[in-house]
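Summary of the model geometry
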Amino acid sequence: EEVEGPHSTVSEPANNDPFASLWWWRCKRTDLYVNDLNRGLQTALDPKTHAGHSNNTLYTGLWEAVAPELCAKASNLSTTTRGGDTWTVRQMLNARWGTLMCPKLAHRYRLRTDPYCPHCRSEAGAPTEGTGGHILGGCRHPYMQGLYTKRHDSAVRIIADCLQAGAQGGGVMLRDAGQAADLPAYCDGKRLPPWLHPEGLSPEAAAKMRPDIVFIPSLPACKGRRAPPLDKNKHPVYLLEIGYCGDTRHTEKRAEKAAQHARLVAGLQASGWTVHYKIITLGHTGTVPQTLKNTLTTLGVDGPDATACAAALHRHAADTIRPVVKTYRCLGGG
């Protein structure tokens, strides 16, 4: 119908719905229509989602579960990007979210004929899947094992140096990392000395018990010591075991390590020592649990130095990513 006005004539459809044939975006949360894809779109959306949405996946659930136990500052990749190269950060992000190129992923994209690691087989002889986690910490190739050992030993050195520089430094310390000839002056050796052997164990059995760090802060360091002190129960023995794991699997790694030195702990306690067994887990891509700082402060390291140690371990993980991933790919597993 036509409606005459004093200055113009306006035509409208009979159903009074001029935009019936057009498509309009509508936000379910606000029930608002979007009149443009700029400010109109931002107005309709929740401000928290302006950067977009992502689907919940297995990894989002894993990260949500592990986040409370991680040191947020030391585990954040922003500390890696300062002076770090883009390639390394990209590999770390890919590893954290399950998109690191590996035989399994290459097989999914039809770039490989099978998803297995070309170097590893299970004890039963079955091939082992070449996952991202396998590359970062599970491959049995001698070159890869050497890189994992070097990464672990460097982390042990960082932690031992931090303890030595703390308020309780200067006590007895054994460190099973690197060659005996390369140990610093503050270390009494790599293996348990005879005066620390648990009673009832042969020297051969005691020699196989090798925690990463043995620290007795209240007992002055003395490499020529021949006998334990008479008041052994007044000198707590701290056994520190360091292990790398998947960044969302710290709890599982601690459970695995819990029984590793149970025999040694029981033997030392039976010999009259007071023993504290501490497990420190570190993520392949630099996640650091809160328990690390708690352990360091318990052993005399002040807060800022404990934070600096956690940051150093994160940067060390970032420095390790490149040789580990590059070597595996050069060996034909990329």
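Right above here is the structure, for reference.
One structure accompanies this document, and this report is about it. Every value quoted in this text rests on a predicted model; they were computed, and no experiment measured them. (Residues numbered from 1 in each chain as written. Predicted model: local features only at pLDDT ≥ 70, side-chain atom pairs only at ≥ 80, totals over all residues. Heavy atoms only, no water.)

**Quick notes on unusual backbone geometry**
In the Ramachandran plot, Arg110 falls in the positive-phi region, its phi being about 65 degrees despite a non-glycine side chain. Mapped onto the fold, Arg110 is located in the loop between α6 (103-108) and β5 (116-121). (Helix = DSSP H or I, 4+ residues; strand = E, 2+ residues; numbered from the N terminus.)

**Points about a nonpolar patch on the surface**
Residues Leu58, Tyr59, Leu62, Leu93 and Trp97 make up a contiguous nonpolar surface patch of about 470 Å² in total accessible area. In terms of residue count, helix α2 (residues 58-66) provides more of the nonpolar patch than any other element does, 3 residues in total. On the secondary structure map, Tyr59 appears in helix α2. (Patch = residues over 30% accessible without salt bridge, like charges linked within 9 Å, V, L, I, M, F, W, Y side chains within 5 Å. Areas by Shrake-Rupley, 256 points an atom, 1.4 Å probe, with all protein chains shown as cover. Salt bridge = Lys/Arg side-chain N within 4 Å of Asp/Glu carboxyl O.)

**Points about the packing of aromatic side chains**
Under the definition given, this model contains 2 aromatic pairs. Arranged with centres 6.2 Å apart and planes meeting at 35 degrees, the rings of Trp63 and Trp97 form a pair that is tilted. Note that Trp63 is positioned in helix α2 and Trp97 in the loop between α5 (86-96) and α6, a separation of 34 residues in sequence. You can call Trp63 buried: its relative accessible area is 14%. Residue Trp97 is classed as partly exposed on the basis of its relative accessible area, which comes to 40%. Judged by centre distance (6.2 Å) and plane angle (50 degrees), the ring pair of Trp195 and Trp273 falls under tilted. Here Trp273 lies in the loop between α11 (262-270) and β10 (275-283) and Trp195 lies in the loop between β7 (171-175) and α9 (203-207), a separation of 78 residues in the sequence. Of the two residues, Trp195 and Trp273, both sit in the buried class. (Phe/Tyr/Trp six-rings, centres within 6.5 Å; stacked < 30°, edge-to-face > 60°. Buried < 20%, exposed > 50% of the residue type's maximum accessible area, 1.4 Å probe, protein only.)

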